[in-house]
Amino acid sequence: VPSAGAVRRAAPVVEVLLARHLKETGRYPASMAMVLWGIDNIKTEGEAVAQVLSLLGVSPRRDAMNRVTDVDVTPLAELGRPRIDVVMTVSGIFRDLFGSTMTLLDTAVRRVASLDEPGELNFVKRNVQAQMGETGCSLDEASVRVFSNAAGNYGTNVNFMVLDSQWEDSSELGDLFLTRKCFAYGRDSEGRTFDGREARALMERALQRVELT
């Protein structure tokens, strides 16, 4: 995951999406949010994962067994557009089934954030550096983009709150979503895993920049 077929299908979808946003707003989105579902990515062999990689401007690297083990950076001249920052909310099933894929996505974000490129062509790097400057957080914290439930938990429960009419203001729905989904997944610059660490402030910060979902 993603398969070669998923990568081929993802590329035109991404380009049409970005072209539409460019036509409607006159610019590329500096940050996007995506939900990665377990069953969906099983059926499509990782098409949504391939979309994320395409938005970041990287491609999957495969070993002799056709397993995706790393990513290769697509040069900006070949990409022909800026690298888009992507905030990922991952379902509990995806988290359980695609642990190595989540690590790959985290690696891709960090690889792009560390490139020697101008911020106007690398929105990941621009957003990471801005967050570090504004909050004083570390590069590891500013680069977190993969979020899911805590280990063993599933769903946002927002649907239950809506069905039971247990809310009066939409901010309550957002608060529940953040509470359930604010657990970060990935590895720091030393290669140490922080899977399942609560990181609500980082998720809030990342979502504040989102222009397109």
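I will try to describe carefully the structure that is included in this document. (Residues numbered from 1 in each chain as written. Predicted model: local features only at pLDDT ≥ 70, side-chain atom pairs only at ≥ 80, totals over all residues. Heavy atoms only, no water.)

Moving on: the packing of helix α3 (residues 47–56) against helix α6 (residues 99–113). As a packed pair, α3 and α6 sit with axes 10 Å apart at the nearest point and diverge in direction by 10°. When the interaxial angle is binned, α3 and α6 end up roughly parallel. On α6, the residues touching V49, V52, L53 and L56 of α3 are T101, L105, A108, V109 and V112. For the contact of α3 with α6, the per-class residue count stands at eight nonpolar, one polar and no charged. (Axes fitted to C-alpha atoms, helices over the stretch in contact; angles between N-to-C directions. Helix = DSSP H or I, 4+ residues; strand = E, 2+ residues; numbered from the N terminus. Parallel < 35°, antiparallel > 145°, perpendicular 65-115°, else oblique. Contact = heavy atoms within 4.5 Å. Nonpolar A, V, L, I, M, F, W, Y, C, P; charged D, E, K, R; others polar.)

If you look at the biggest cluster of nonpolar residues, it comprises 50 residues, and the most contacted ones within it are L36 and L56. The element that contributes the greatest number of residues to this core is α6, accounting for seven residues. If near-sequence neighbours (up to four positions away) are discounted, L56 is found in contact with R83, I84, V86, A108, V109, V112 and V124. (Core = buried A, V, L, I, M, F, W, Y, C linked by side-chain atoms within 4.5 Å. Buried < 20%, exposed > 50% of the residue type's maximum accessible area, 1.4 Å probe, protein only.)

Residues spaced three or four apart along an α-helix point in a common direction, a consequence of the helix completing one turn every 3.6 residues. For α6, built from 15 residues, the straight-helix expectation of 21 Å at 1.5 Å per residue is met to within 8% by its first-to-last C-alpha distance of 21 Å. All of the buried residues in α6 are T101, M102, L104, L105, D106, A108, V109, R110, V112 and A113. (Expected span 1.5 Å × (residues − 1).)

The mixed open sheet is built from five strands, whose spatial order is β1-β4-β5-β6-β7. Two strands lie at the open edges of the sheet, namely β1 (31–36) and β7 (197–198), each paired on one side alone. Of the pairings in the sheet, the one linking strand β4 (residues 85–90) to strand β5 (residues 146–148) comprises two bridges and is parallel in character. Paired with M88 across the two strands is V146, which belongs to β5. Strands in contact with α3 are β1 and β4; relative to β1, the strand with the most contacts, it is inclined by about 165°. (Pairing = 2+ DSSP bridges.)

Turning to unusual backbone geometry, a few remarks are in order. The omega torsion across V1 and P2 is 0°, close enough to zero to call that bond cis. Relative to the assigned elements, P2 resides in the segment before α1 (4–25). Positive phi, close to 60°, is recorded for E45, a residue that is not glycine. Of note, E45 is situated in the loop between α2 (38–43) and α3.

Moving on, we come to the environment of V112. Of note, V112 is situated in helix α6. Residues V112 and V73, 39 residues apart in the sequence, show an inter-C-alpha distance of 7.6 Å. The residues touching V112, leaving out its near neighbours within four places in the chain, are L56, V58, R83, N122, V124 and K125.

Here the focus is the pattern of salt bridges. Per the counting criterion, the structure on display carries 16 salt bridges. With a shortest N-O distance of 2.9 Å, R9 and E47 are connected by a salt bridge. Here the residue R9 occupies a position in helix α1, and E47 occupies one in helix α3, the gap between them amounting to 38 residues. Assessed through its relative accessible area of 37%, R9 is described here as partly exposed. Note that R111 is salt-bridged to D70, the shortest N-O span being 3.0 Å. Remark: D70 occurs in strand β3 (residues 68–73) and R111 occurs in helix α6; sequence separation between them is 41 residues. Using a relative accessible area of 27% as the deciding quantity, one classes R111 as partly exposed. Shared partners join several salt bridges into a network, and the residues in it are R61, D70, D72 and R111. (Salt bridge = Lys/Arg side-chain N within 4 Å of Asp/Glu carboxyl O.)

Our next topic: the packing of α1 against α3. Across the interface, α1 lies against α3 with an axial gap of 8 Å and an inter-helix angle of 55°. By the angle class used here, α1 and α3 are oblique. In this structure, α1 meets α3 at a crossing whose hand is right-handed. Along the contact surface, α1 presents A6, V7, R9, A10, A11, V13, V14 and L18, while α3 presents E47, A50, Q51, S54 and L55. (Left-handed = near helix turned anticlockwise from the far one by under 90°.)

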